Amino acid sequence: MTLLITAFIMGLMGVAHCVAMCGSLSMALGFSVPHNKSFITYASVISVSRILGYGFIGFIANLFTQSFLSITNGSVLLLSVVSSIFMIGIGLHIAKISNFVLYVEVIGKRLNKYLEPLKKKFFQSIA
């Protein structure tokens, strides 16, 4: 039952995307259907193509992600969690709720003293 409720809420949250992307595309293509052709056929082909397209993109994204996880033995998940925390921190900073992200900037300035020579060496070897 919980899975059903979750799926329903995810569907409601995705409505804005559907209205903006799929709805406008379907409307535009709907007006281009010749008068002697079936609108139902065109709409069905467009919908099936969109579903297959999203499925294919999801398959490729999953294949890439699984390969990357396999190569790094899952250690890339830590980077994902850290970047998610930073994104939340940036959102809180923009909303003027919390400024904990600014402390990371101070740490970055201190680390930059040690990283600057490495960056110069690396970028000279590329150029």
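What counts as what
Residues numbered from 1 in each chain as written. Predicted model: local features only at pLDDT ≥ 70, side-chain atom pairs only at ≥ 80, totals over all residues. Heavy atoms only, no water. Domains from an automatic or database assignment. Axes fitted to C-alpha atoms, helices over the stretch in contact; angles between N-to-C directions. Helix = DSSP H or I, 4+ residues; strand = E, 2+ residues; numbered from the N terminus. Parallel < 35°, antiparallel > 145°, perpendicular 65-115°, else oblique. Left-handed = near helix turned anticlockwise from the far one by under 90°. Contact = heavy atoms within 4.5 Å. Expected span 1.5 Å × (residues − 1). Polar contact = N/O pair within 3.5 Å; in protein donor to acceptor, adjacent residues only side chain to side chain.

Taking an unreviewed UniProt entry as the reference, the chain is identified by name as Urease accessory protein UreH-like transmembrane domain-containing protein belonging to Psychrosphaera haliotis.

Asker: Could you clarify how one ought to interpret the domain arrangement of the chain in this entry?
Answerer: Where interface size is given, it is often the accessible area lost as the parts come together that is meant. Structurally, the chain comprises domain 1 (1-32), domain 2 (38-95) and domain 3 (96-126). Averaged C-alpha coordinates put domain 1 and domain 3 at centres separated by 41 Å.

Asker: Just to check I follow, could you spell out the packing of helix 2 (residues 15-31) against helix 3 (residues 39-71) for this structure?
Answerer: What describes two packed helices is the angle between their axes and the distance between those same axes. Taken N-terminus to C-terminus, the directions of helix 2 and helix 3 make an angle of 140°; their axes are 10 Å apart at the nearest point. Taken together, the axes of helix 2 and helix 3 are oblique relative to one another. Relative to helix 3, the crossing made by helix 2 is right-handed. Across from H17, C22, L25, S26, L29 and G30 in helix 2, the residues of helix 3 making contact are F39, I46, R50 and Y54.

Asker: When you look at helix 3 in this model, what are you seeing that I'm missing?
Answerer: With 33 residues, helix 3 extends 48 Å from end C-alpha to end C-alpha; this agrees with the ideal 48 Å at 1.5 Å per step. The backbone nitrogen of I40 lies 3.4 Å from a side-chain oxygen of the residue at the head of helix 3, namely S38.

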